[in-house]
Amino acid sequence: MKIGKLIQQVESFFLVVIAILTVIGAIKEIYLIGMKRDVGLQDLLLMFLYVEVLGMVAAYITSKQIPITLPIFIAITAIARVAILQKEQDPIAIIYESGAILMLAIAAAVVNFRPAKKPAVPGGPSSSDRAGEGGTMPPA
């Protein structure tokens, strides 16, 4: 099983690289905000994207699972940022972007409010019974 261990080490390496590059991107954005001496909504949304990516990396490192709502929230934030950055756009594009955000929000709600799984051990709590915890993506 040396190949499995090697794959885990490569995966861990890339997670660290993603975390480092995310922090570098956030620092760069803070620098650019400081240089222009103005903070726009698009800047704040970009900072949220950085925070959400770091949160997803941290969640995967600690539990080897990614709460499925994190990528959904990242997608919602990214689409909202794109919609804000586009000054002059076709009204149909706004409808498409709004529809995509609505579908993602519904998906997040469905995941969060779905019935809890039955306990694997009689009388024991299941891992998805904890309040506020959405579904998780299986380990990669």
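Above this text is the structure in question.
Residues numbered from 1 in each chain as written. Predicted model: local features only at pLDDT ≥ 70, side-chain atom pairs only at ≥ 80, totals over all residues. Heavy atoms only, no water.

A. Fine view of the packing of helix α1 (residues 2-36) against helix α2 (residues 41-63). Interhelical geometry of α1 versus α2 gives an angle of 160° and a closest axis separation of 10 Å. Relative to α2, the element α1 lies roughly antiparallel. Regarding α1 and α2, the two cross each other, and that crossing is left-handed. Contact residues: α1 offers E11, L15, I18, A19, T22, V23, G25, A26, E29, I30, I33 and K36, while α2 offers Q42, D43, L46, M47, Y50, V53, L54, V57, Y60 and I61. Each residue belonging to the contact of α1 with α2 can be placed in one class, and the counts come to 15 nonpolar, 3 polar and 4 charged. (Axes fitted to C-alpha atoms, helices over the stretch in contact; angles between N-to-C directions. Helix = DSSP H or I, 4+ residues; strand = E, 2+ residues; numbered from the N terminus. Parallel < 35°, antiparallel > 145°, perpendicular 65-115°, else oblique. Left-handed = near helix turned anticlockwise from the far one by under 90°. Contact = heavy atoms within 4.5 Å. Nonpolar A, V, L, I, M, F, W, Y, C, P; charged D, E, K, R; others polar.)

B. Representation of the side chain of T77 in the model. Turning to its location among the elements, T77 is positioned in helix α3 (residues 69-85). Excluding residues that lie within four positions of it along the chain, T77 makes contacts with L45, F48, L49 and E52.

C. Structural detail: α1. Over its 35 residues, α1 runs 51 Å from end to end, which matches the ideal 51 Å to within 8%, given 1.5 Å per residue. Buried residues of α1: L15, T22, G25, A26, E29 and I33, and no others. Lining the buried residues of α1 we find α2. Once α1 finishes, R37 follows within two positions and takes phi at roughly 55°, a positive value. (Expected span 1.5 Å × (residues − 1). Buried < 20%, exposed > 50% of the residue type's maximum accessible area, 1.4 Å probe, protein only.)

D. Here's a closer look at a nonpolar patch on the surface. A grouping of L6, V10, F13 and F14 is seen on the molecular surface, where their side chains present a nonpolar patch of about 400 Å² in accessible area. Relative to the assigned elements, F14 resides in helix α1. Owing to a relative accessible area of 48%, F14 belongs among the partly exposed residues under this scheme. (Patch = residues over 30% accessible without salt bridge, like charges linked within 9 Å, V, L, I, M, F, W, Y side chains within 5 Å. Areas by Shrake-Rupley, 256 points an atom, 1.4 Å probe, with all protein chains shown as cover. Salt bridge = Lys/Arg side-chain N within 4 Å of Asp/Glu carboxyl O.)

By themselves, these are just geometric observations and shouldn't be taken as functional.
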